[in-house]
Amino acid sequence: MSMGVRAHETAVLADEAVAIRRLSYRYPGTDTNVLEGVSISVKRGELLSIVGPSGGGKTTLLNCIAGFMQPSSGEICIDGKLVEGVVAGRAAFMFARDTLLPWRSALGNVELAVRLRERLKPRSTRLTGSQIVGDARALIARVGLKGYEDYRIEELSQGMRQRVALARTLAMDVSLILMDEPFGALDAQTRVAIQNEFLSVWEKQRRSVILITHDVGEAILMSDRIIVLGGRPAGVIADIEVKLARPRNAATIHADGSELFTEIWSMLDAASRKPDLSTTNVELPK
Ligand SMILES: Nc1ncnc2c1ncn2[C@@H]1O[C@H](COP(=O)(O)OP(=O)(O)OP(=O)(O)O)[C@@H](O)[C@H]1O
Ligand SMILES: [Mg+2]
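Residues numbered from 1 in each chain as written. Chains lettered and ligands numbered in written order. Predicted model: local features only at pLDDT ≥ 70, side-chain atom pairs only at ≥ 80, totals over all residues.

(A) Highlighting unusual backbone geometry. With an omega dihedral of -5°, the bond running from R232 to P233 counts as a cis peptide bond. Inspection of the secondary structure assignment puts P233 in the loop between β9 (225–230) and β10 (235–241). In the segment running from R246 into P247, the intervening peptide bond is cis, with an omega of -5°. Relative to the elements of secondary structure, P247 occurs in the loop between β10 and α7 (250–256). (Helix = DSSP H or I, 4+ residues; strand = E, 2+ residues; numbered from the N terminus.)

(B) The sheet that holds strand β2 (residues 35–43), seen in detail. Ordered in space as β2-β1-β4-β5, the four strands form an open sheet in which the pairing is antiparallel. With one partner strand each, in any of the chains shown, β2 and β5 (81–82) form the two edges of the open sheet. With respect to the sheet, helix α1 (residues 58–65) is in contact with β1 (16–25), β2 and β4 (73–78), its orientation differing from that of β1 by roughly 120°. (Pairing = 2+ DSSP bridges. Contact = placed C-beta atoms within 7 Å. Axes fitted to C-alpha atoms, helices over the stretch in contact; angles between N-to-C directions.)

(C) Region of interest: the site of ligand 1. With respect to spatial proximity, the complete set of residues near ligand 1 consists of Y27, T30, V34, G52, S54, G55, G56, G57, K58, T59, T60 and H214. Split by residue class, the shell around ligand 1 holds two nonpolar, nine polar and one charged. (Near = placed C-beta within 6 Å. Nonpolar A, V, L, I, M, F, W, Y, C, P; charged D, E, K, R; others polar.)

(D) Expanded view of the sheet that holds strand β3 (residues 47–51). Within the open sheet, the six strands sit side by side as β6-β7-β8-β3-β9-β10. Their pairing is mixed. Each edge of the sheet is formed by a strand with only one pairing partner; in this case those strands are β6 (92–95) and β10. Pairs of neighbouring strands in the sheet enclose a mean axial angle of 15°, with direction left out of account. Bridging between β3 and strand β8 (residues 208–212) involves four bridges; their strand directions are parallel. Across the sheet, the residue bridging to L47 is V209, located in β8. With respect to the sheet, α1 is in contact with β3, β7 (176–180), β8 and β9, its orientation differing from that of β8 by roughly 150°. Its contacts with the sheet put helix α4 (residues 158–171) on β6 and β7, and the angle it makes with β6 is roughly 165°.

(E) Here's a closer look at the environment of R22. Locating R22 in the fold gives a position in strand β1. Its 14 C-beta neighbours within 10 Å are what place R22 among the partly exposed residues. (Buried ≥ 20, exposed ≤ 12 C-beta atoms within 10 Å, placed from the backbone.)

(F) Focus on the packing of helix α3 (residues 129–142) against α4. With their axes 9 Å apart at the nearest point, α3 and α4 run at an angle of 130° to one another. Here α3 is positioned oblique relative to α4, judged by the angle of their axes. You can see that α3 and α4 cross each other, and the crossing is right-handed. Two secondary-structure elements touch here, α3 through L139, I140 and R142 and α4 through A167, L170 and A171. Within the contact of α3 with α4, the residues separate by chemical class into five nonpolar, no polar and one charged. (Parallel < 35°, antiparallel > 145°, perpendicular 65-115°, else oblique. Left-handed = near helix turned anticlockwise from the far one by under 90°.)

(G) Region of interest: the packing of helix α2 (residues 106–119) against α4. The interhelical angle for the contact between α2 and α4, taken along N-to-C directions, is 15°, at an axis separation of 8 Å. With respect to α4, the element α2 is oriented roughly parallel. Relative to α4, α2 is oriented so that their crossing is right-handed. Of the residues in α4, those in contact with A106, N109, V110, A113, V114 and R117 of α2 are V164, A167, R168 and A171. Classifying every residue of the contact of α2 with α4 gives seven nonpolar, one polar and two charged.

(H) Structural detail: the environment of T262. Mapped onto the fold, T262 is located in helix α8 (residues 258–273). Counting along the chain gives 173 residues from T262 to G89, while the straight-line C-alpha distance between them is 38 Å.

(I) Representation of the nonpolar core within the structure. Ranked by size, the top nonpolar core spans 72 residues in total, and within it I65, A91, V110, L178 and I210 carry the most contacts. Both of domain 1 (1–91 + 176–279) and domain 2 (98–173) provide at least three residues apiece to this core. Among residues more than four places away in sequence, those in contact with I210 are V18, V42, L48, I50, L62, I65, L178 and M179. (Core = buried A, V, L, I, M, F, W, Y, C linked by C-beta atoms within 7 Å. Domains from an automatic or database assignment.)

(J) α8, seen in detail. With 16 residues, α8 extends 22 Å between its outermost C-alpha atoms, agreeing within 8% with the 22 Å of an ideal straight helix rising 1.5 Å per residue. Taken together, the buried positions of α8 are I264, L268 and A271. Buried positions in α8, seen along its axis, are confined to an arc of 60° and lie on one side of it. The exposed set on the far side of α8, more than 90 degrees from its buried face, consists of S258, E259, T262, S266, D269, A270 and R273. (Expected span 1.5 Å × (residues − 1). Arc of directions from axis to C-beta.)

The analysis is restricted to geometry; functional conclusions fall outside its scope.
Okay, structure coming up:
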């Protein structure tokens, strides 16, 4: 084991990008677990979605994976190393509401991410200033924003901002991308465009992705596997491989994915209806 890495009990498989073992989480000052006994394994290069009812613990789980919060029990390993603090440099993040610098240009925001990435490398292998700008320009073009490099963020639409956020996420030279409803705040048309752009990059690079989404259609369109979280406290209630051929689009999903859609939808429906058995003591009539 390399220096500075605490021993962990988790046996990590060779092709496992993320190993989550028996994770439970309880917010400080509360008396019930939000998550309990969650075990998920993400293979290298796999695009895994997590769906579940609102308030079901998805963001909590992602925050644990990102190292923003420490699990109450259980373990998370990324590339075989225990997560003990924020995993910046090991994973890139993208959230529903972007956190771009509003007064900077689109290019400036992406450039900042490229600079950060370069700073994490040994000095001798770093890109020069002009190479950094070139790389940022290429990323802007990749997400369909060529011509908007010099627009300030506050001058861009919500969809364009999300594209900048995506370019910034893709700038990070890491093998794991963690996304929490990244396309959730977009109108339907923009969402489809950005989903497709993300997928075309992913199909070339095959980074490991954990995508949290409310949108079952999006999960089916994008994922190799879908985890359904449910119950209180939340646990994994289904782990479903999506066998549909790629590339996929709305038409192929509609034709071949409708059974899967109904299956997942009814699980979510049942999960959100179920009474909270841990806190309600219902006396059954004799
Ligand atoms: N800081 C906090 N302190 C106490 N409880 C919290 C805190 N943050 C979230 N919770 C609770 O944890 C549970 C799970 O919240 P979480 O945000 O993880 O759900 P979610 O699945 O991401 O929901 P959504 O789909 O609406 O984003 C909720 O019951 C919520 O009230
Ligand atoms: Mg959430």
